[in-house]
Amino acid sequence: QVVLGFVRGGALANFIPGNVTRGLLASIGIVFVLKQLPHLLGVDTDYEGDLSFDPSDKQNTLSELAYAVKAFLPGPTLVGLSGLAVMLLWSRSKSLSARIPAPLAALATGLAVSEALRATGSTWAIQPEHLVGLPVVGEEGVRMRDLLHAPDFAKMFDAKVIQAGFTIAIFASLESLLNL
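Parameters at a glance
Residues numbered from 1 in each chain as written. Predicted model: local features only at pLDDT ≥ 70, side-chain atom pairs only at ≥ 80, totals over all residues. Heavy atoms only, no water. Helix = DSSP H or I, 4+ residues; strand = E, 2+ residues; numbered from the N terminus. Rg over C-alpha atoms; globule rule 2.2 N^0.38 Å. Buried < 20%, exposed > 50% of the residue type's maximum accessible area, 1.4 Å probe, protein only. Contact = heavy atoms within 4.5 Å. Patch = residues over 30% accessible without salt bridge, like charges linked within 9 Å, V, L, I, M, F, W, Y side chains within 5 Å. Areas by Shrake-Rupley, 256 points an atom, 1.4 Å probe, with all protein chains shown as cover. Salt bridge = Lys/Arg side-chain N within 4 Å of Asp/Glu carboxyl O. Arc of directions from axis to C-beta. Expected span 1.5 Å × (residues − 1). Polar contact = N/O pair within 3.5 Å; in protein donor to acceptor, adjacent residues only side chain to side chain. Axes fitted to C-alpha atoms, helices over the stretch in contact; angles between N-to-C directions. Parallel < 35°, antiparallel > 145°, perpendicular 65-115°, else oblique. Left-handed = near helix turned anticlockwise from the far one by under 90°. Nonpolar A, V, L, I, M, F, W, Y, C, P; charged D, E, K, R; others polar.

Trainee: Would you mind showing me how to read the overall build of the chain here?
Mentor: When its secondary structure is counted, the chain shows eight helices and zero strands. In the chain, the succession of helices and strands from N to C terminus is α-α-α-α-α-α-α-α. The C-alpha radius of gyration of the chain comes to 21 Å, more than 25% above the 16 Å expected for a compact globule of 180 residues. Taken along its principal axes, the extent of the C-alpha atoms in the chain is 60 × 45 × 40 Å. Taking all 180 residues of the chain together, 17% fall into the buried category. Considering only intrachain contacts with a sequence separation of at least 6, the fraction spanning at least 24 residues in the chain is 64%.

And the structure:
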């Protein structure tokens, strides 16, 4: 990306019509929303998402949504919608959003709702298997050096790695330019 900046690669964005830019951004937004809806409905069996074209569970985005509607859990939905409501309302208040960012307020609200459900013993409480588990140093033999991994530079000059890096740089630069 630095090289593209030096050779003035941003000029390529002048050749892309505005409709294409808006279409690209709208389609990216639609994909993001569709991929997050199962999580909002409480289904987190595939928390990393489908990273391949042919996913192992043979589910696509729409069939995953259909499954999520059937396996609906009200607790995560309540937490997610309360966070979304705070994000929308918080950003409308200049005095609040100037002091505390809306995403931080939404996170605090979601945490408070989740903990309130758990503390009251509600059946809507989010179960531990649905929460993110982080390793704690010193617990069950977890050591700090086990959590930190150095990069493997052995494949740094492999043609496939260079090709993938170049492709990612081109697309990341193009997306940045289109967003501007």
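Trainee: I'm lost on a nonpolar patch on the surface in this one. Help?
Mentor: A cluster of nonpolar side chains, V2, V3, F6 and V7, forms an exposed patch at the surface whose accessible area comes to about 470 Å². Looking at V7, the relative accessible area reads 56%, which means it is exposed.

Trainee: Whenever I open this one, helix 3 (residues 61–70) confuses me. Can you help?
Mentor: What sets the pattern is the α-helix's 3.6 residues per turn: residues three or four places apart point alike. Buried residues of helix 3: E64, L65 and A68, and no others. On an axial view of helix 3, the arc spanned by its buried residues comes to 100°, and they lie on one face. Across helix 3 from its buried face, at more than 90 degrees, point the exposed residues L62, V69 and K70. In the core, the buried residues of helix 3 are packed alongside helix 2 (18–40).

Trainee: Help me out: how do you make sense of helix 6 (residues 102–119) in this one?
Mentor: Compared with an ideal rise of 1.5 Å per residue, which puts 18 residues at 26 Å, helix 6 spans 25 Å between its outermost C-alpha atoms and is within 8% of the ideal. Residues of helix 6 that are buried: A102, A105, A106, G110, V113, S114 and L117. Axial view of helix 6: buried residues confined to an arc of 165°, hence all on one face. Summarising the geometry of helix 6, the exposed residues directed more than 90 degrees from the buried face are L107, L111, R118 and A119. Packed against the buried residues of helix 6 are helix 4 (74–90). At the C-terminal side of helix 6, G121 shows a positive phi close to 75°.

Trainee: How should I be thinking about the pattern of salt bridges in this particular structure?
Mentor: Any two side chains of opposite charge can pair, so long as their charged atoms come close to each other. Counted by the stated rule, this structure contains one salt bridge. Here E115 ties to R118 by a salt bridge, and the two come within 2.5 Å at their closest N and O atoms. Of this pair, E115 and R118 both sit in helix 6, three residues apart, which is roughly one turn of the helix.

Trainee: Help me out: how do you make sense of the side chain of T77 in this one?
Mentor: With respect to the element layout, T77 can be found in helix 4. Given the relative accessible area of 10%, T77 is considered buried. Within the local environment of T77, its side chain forms a polar contact with the backbone oxygen of L40, the two atoms lying 2.8 Å apart. Other than its neighbours up to four places away in sequence, T77 contacts L40, L41 and F72.

Trainee: So what exactly am I meant to see when it comes to the packing of helix 4 against helix 6 here?
Mentor: The interhelical angle for the contact between helix 4 and helix 6, taken along N-to-C directions, is 150°, at an axis separation of 8 Å. Taken as axis vectors, helix 4 and helix 6 run roughly antiparallel relative to one another. Judged by the twist between their axes, the crossing of helix 4 over helix 6 is right-handed. Contacts between helix 4 and helix 6 involve G75, L78, V79, S82, G83, V86, M87 and W90 from the first element and A102, P103, A105, A106, T109, G110, V113, S114 and L117 from the second. When grouped by side-chain class, the residues that make up the contact of helix 4 with helix 6 number eleven nonpolar, six polar and no charged.

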